[in-house]
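This is what each chain is made of:
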Amino acid sequence: MRSLHPPILAACALLFAPTPSAAQRPANELGRIMILEYHKIDHPEGRWSRTPANFRRDLERLWEKGYRLVALNDLLDGRIDVPAGATPVVLTFDDSSPGQFRYIEKTGTVEIDPESAVGILERFAREHPDFGLKATFYVLPGADPPNRLFNQPAHAGRKLRYLVSRGFEIGNHTLWHADLARYGEETVRRQLATAQEWIQRHLPGYRPRTLALPMGNYPREIGWAVRGSVNGLSYEHHAILRVSGGAAPSPFSGGFDPLRLPRMQALESEISYWLGYFDRNLSERFVSDGDPLTVTVPKGQREAVRNALPPSLRIVERD
Ligand SMILES: [Zn+2]
């Protein structure tokens, strides 16, 4: 019996290419970055749900392969502070469903449910301090249950304040998940301004810097979503996130367009595909030089760096 079949072995080697070690990953800060998009953290696993166990495994896989969490706002500011050889990754959570952040009531106090996304993230960060603790929550302050601010009304404000106190970000996802393509200018602007206003009821003065488009649909004019003012309340979004599109360009590259940031849905198939893709295509993966003040690019690629870099950053070409 011929037990080994060379073409199959070759295919397997291609599919399961080992992750290059940090020392084997030369800095390339023009590489692409994954912005992962989670919806429910709940049972059963499905198109819009990741189970708690699978979410924990996602974090494990990312960590093992040298990915480290960065805050989306830091990425927008070009402030990428991860060790040399590591790759930044951004986590986003849409729709403020209960499994993302749940409190368990104990006598006189509350505890974070260890099976909710926030509980899982915090435990993982305690066990892997170098992974970081960052994510952006695109909440719905005016949605029907169960999507209104994680579905425990008595704790809604406490949760938002807790998230911000831990360095997480709150993003705009409209007041109640309005499909912005379906409405005129006044409604679009009111959805965005009112979402911010209702977030500010719990977080005075908080201004979400980024918007995740419900269903990925842009309004007829993108400018309506970028900045505006309704009844004296102004909003401004420095980035607009889509629901798909794959890995995002480096924030240092000419191809970076913060108003059309692609994301990838955090499904088993997508995550496995992209982790494998970057194992096989190391040259496309953002690899940090470990110094947040320099932008290290492969030799000859200085021209690919975008023009409007923050003035504090210096470009370095590597051999
Ligand atoms: Zn949504």
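Here, residues in each chain are numbered from 1, in the same order as that chain's written sequence. Whole-chain, interface and lining totals are the exception, using all residues; otherwise, since this is a predicted model, local features are given only for residues with pLDDT of at least 70 and side-chain atom pairs are given and counted only at 80 or more.

## Some remarks on the overall build of the protein chain
In this text, helices come from DSSP runs of H or I with a minimum length of four residues, and strands from runs of E with a minimum of two, each type numbered from the N-terminal end. In terms of helices and strands, the protein chain carries 8 helices and 16 strands. Atoms considered for the radius of gyration are the C-alpha atoms alone. The globule rule reads 2.2 Å times the number of residues to the power 0.38. For the protein chain, the C-alpha radius of gyration of 20 Å lies close to 20 Å, the compact-globule estimate for 319 residues. Dimensions along the principal axes, computed over C-alpha positions, put the protein chain at roughly 65 × 50 × 35 Å. A total of 319 residues make up the protein chain; the buried ones form 39% of that total. Look at the contacts in the protein chain between residues 6 or more apart in sequence, and 67% of them connect residues 24 or more apart. Here a residue counts as buried when 20 or more other C-beta atoms fall within 10 Å of its C-beta, as exposed when 12 or fewer do, and as partly exposed in between; the C-beta atoms come from the backbone. By definition, residue pairs are in contact when their C-beta atoms, positioned from the backbone, come within 7 Å.

## Looking at the pairing of strand β5 (residues 87-94)
Counting buried residues along β5, 8 of its 8 residues qualify, which places the element largely inside the surrounding structure. Here β5 shows two buried faces, one formed by T87, V89, L91 and F93 and the other by P88, V90, T92 and D94. Strand pairing requires that DSSP identify at least two bridges connecting the strands. For strand β1 (residues 34-38) and β5, the ladder comprises 5 bridges, and the chain directions are parallel. Considered in β5, the bridge of I35 is made with V90.

## What about the environment of P114?
Examined against the element boundaries, P114 turns out to sit in the loop between β7 (109-112) and α4 (117-127). What makes P114 partly exposed here is the crowd of 13 C-beta atoms within 10 Å. Put simply, P114 and P26 are 88 residues apart on the chain and 37 Å apart in space, counted from C-alpha to C-alpha. Aside from chain neighbours lying at most four places away, what touches P114 is G119 and R123.

## Thoughts on the nonpolar core
To define a nonpolar core, we join buried Ala, Val, Leu, Ile, Met, Phe, Trp, Tyr and Cys residues through C-beta atoms within 7 Å and take the resulting set. Counting 67 residues, the largest nonpolar core has I33, L36, V89, V90, A117 and F137 as the members making the most contacts within it. With near-sequence residues (within four places) excluded, L36 lies in contact with V89, V90, L91, T92, M264 and A266.

## Notes on α4
For an α-helix, the turn length of 3.6 residues means that residues three or four places apart are oriented alike. All of the buried residues along α4 are A117, V118, G119, I120, L121 and F124. In this fold, the buried residues of α4 make contact with β1, β2 (40-41), α2 (52-64), β5 and β7.

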